[in-house]
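# Remarks on the overall topology
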Amino acid sequence: MLDRDIRDIEGLVHDDVVGLNFVKANPLYVFRRHYRTGLRSHIMAVLDPEDVRREREGVVSEGVRWYPRARPIVMLRIFRKRFRNLSHAEEELRSVKTIEGFLAPEYIALSNEFLVDLKVRGGSDILLCGLQEYVKGEMLDPWGSQDDDFLKRIRKRPGIGGDKAEGDSGEWLKAVRVEALVFVESIKKMATEALRIPDLAGVGNLLLTESGRIRLVDINNVSRVSFGGGIELDDRGYPVCDKSVEALWRMERFLAGREPDPEDPLYSSYLTATRMKDVKELERIFHAEQGRGAPFLGAD
């Protein structure tokens, strides 16, 4: 058993995970910290030990030794959030199910969420974890470029196709635009019907895949949409709902290639000049309190 709360530890390693009271002392897998670990959760790649051995020792093929990177079987997410009680934790699980209802299975990395009784410092607490589908893709930054030249470059990265990307790039670009529009419309439907929106604002929360499809991987920062309400902050003090609506607008305009309707109820409620000015100030305060001036890198 760990003598520290795992939610407070930075840079988890395999032994930290194995030290948890709900994990077997001699697991069949290797746990490796994923680069997307951030403010809201630890993200650990769950690896086959044999794949890790080949990665470390290399394999010989046609007289050449190469070192294949171990590919995750699944991703283990350990959430830092504290819950007041079981009902509070179950509310979080319902939010995840809401997202799945509008995006699954095509546009979300599916996850099996579970609650455990975390033993730490002589006491216990509710801990939320998830075993999430591993998605191969490249991070899609809603705040960055989304033009044809950028997408052609990103297609050459290893997470999508690499130098051996197959098929005509023009057809792939068309697929990206079509898939982006479906994704945007699905999020809008969720916002208007379920009054919920996931965190689209953080870099790394969305992946672009080889097929041109967008997959949401951060599924545990869901905001309540309020038409005509005030600016809501998440539990970290960030105006994530407003920033997610702004990110959605950018994806519709620049990735899907469709001019957003200024009369759209979601956009007209959230993207007024006065409100966006107030949101910008709240962002500034957030960054100052985080003790960094760099752009927000998202919940994960």
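Anything mentioned here points back to the structure above.
Throughout what follows, the structure given in this document is the object of discussion.

## Observations regarding the overall build of the protein chain
Along the backbone of the protein chain there are eight helices and 12 strands. Here the C-alpha radius of gyration of the protein chain, 20 Å, is about what a compact globule of 300 residues would show, namely 19 Å. Projected onto its principal axes, the C-alpha positions of the protein chain cover 55 × 55 × 35 Å. A buried classification covers 48% of the 300 residues belonging to the protein chain. The contacts of the protein chain with a sequence gap of at least 6 include a subset with a gap of at least 24, amounting to 64%. Accessible surface, the protein chain: about 15100 Å² in total, of which carbon and sulfur atoms supply 50%. When the 47 positive and 51 negative side-chain charges of the protein chain are each reduced to one mean point, those points stand 2 Å apart.

## Notes on unusual backbone geometry
Here the amide bond leading from A104 into P105 is cis, since omega sits at -5 degrees, within 30 degrees of zero. Residue placement: P105 occurs in the loop between α3 (86-103) and β6 (111-120). One non-glycine residue, L195, adopts positive backbone phi at about 55 degrees. Mapped onto the secondary structure, L195 falls in the loop between α5 (169-193) and β9 (196-198).

## Re the sheet that holds β6
As a general point, the strands of a sheet are linked pairwise by backbone hydrogen bonds and lie either parallel or antiparallel. Spatially, the five strands line up as an open sheet ordered β1-β2-β5-β7-β6, and their pairing is antiparallel. Every interior strand has two partners, whereas the edge strands, β1 (30-33) and β6, have only one. Mean inter-strand twist for the sheet, computed between neighbouring axes without regard to direction, equals 30 degrees. Judged from the four bridges that link them, strand β5 (residues 74-79) and strand β7 (residues 123-132) form a sheet pairing that is antiparallel.

## Overview of the sheet that holds strand β11 (residues 214-216)
Taken together, three strands build an open sheet; the order of strands is β8-β10-β11 and the sheet is antiparallel. Two strands close off the open sheet at either side, each with one partner strand: β8 (138-139) and β11. As defined by bridge partners, strand β10 (residues 206-208) adjoins β11 across three bridges and the pair is classed as antiparallel. Paired with L207 across the two strands is R215, which belongs to β11.

## Observations concerning a nonpolar patch on the surface
A contiguous nonpolar surface patch, about 320 Å² in accessible area, is contributed by L28, Y29 and I73. Tracing the backbone through its elements, the reader meets L28 in the loop between α1 (14-18) and β1.

## A short note on the environment of I154
Looking at the element boundaries, I154 is found in helix α4 (residues 148-155). Each C-alpha atom of the pair I154 and M139 lies 9.1 Å from the other, and the pair is 15 residues apart in sequence. Not counting residues up to four positions away in its chain, the partners in contact with I154 are E138, M139, I160, W172 and L208.

## Section: α3
If you check α3, its first and last C-alpha atoms are 26 Å apart, about what 18 residues at 1.5 Å a residue would give, namely 26 Å. Of the positions making up α3, those classed as buried are H88, A89, E92, S95, V96, I99, E100 and L103. Relative to the axis of α3, the buried residues are bounded by an arc of 140 degrees and lie together on one face. Within α3, the exposed residues directed more than 90 degrees away from the buried face are R94, K97 and G101. Summarising the contacts, the buried residues of α3 are in contact with β6, β7, α5, β9, β11 and β12 (222-224). Its side-chain oxygen at 3.2 Å from the backbone nitrogen of S87, N85 defines the N-terminal cap of α3.

Each value, and the rule that gives it
- Residues numbered from 1 in each chain as written.
- Predicted model: local features only at pLDDT ≥ 70, side-chain atom pairs only at ≥ 80, totals over all residues.
- Heavy atoms only, no water.
- Helix = DSSP H or I, 4+ residues; strand = E, 2+ residues; numbered from the N terminus.
- Rg over C-alpha atoms; globule rule 2.2 N^0.38 Å.
- Buried < 20%, exposed > 50% of the residue type's maximum accessible area, 1.4 Å probe, protein only.
- Contact = heavy atoms within 4.5 Å.
- Areas by Shrake-Rupley, 256 points an atom, 1.4 Å probe, with all protein chains shown as cover.
- Lys, Arg positive; Asp, Glu negative; His and termini not counted.
- Charge placed at Lys NZ, Arg CZ, Asp CG, Glu CD.
- Pairing = 2+ DSSP bridges.
- Axes fitted to C-alpha atoms, helices over the stretch in contact; angles between N-to-C directions.
- Patch = residues over 30% accessible without salt bridge, like charges linked within 9 Å, V, L, I, M, F, W, Y side chains within 5 Å.
- Salt bridge = Lys/Arg side-chain N within 4 Å of Asp/Glu carboxyl O.
- Expected span 1.5 Å × (residues − 1).
- Arc of directions from axis to C-beta.
- Polar contact = N/O pair within 3.5 Å; in protein donor to acceptor, adjacent residues only side chain to side chain.

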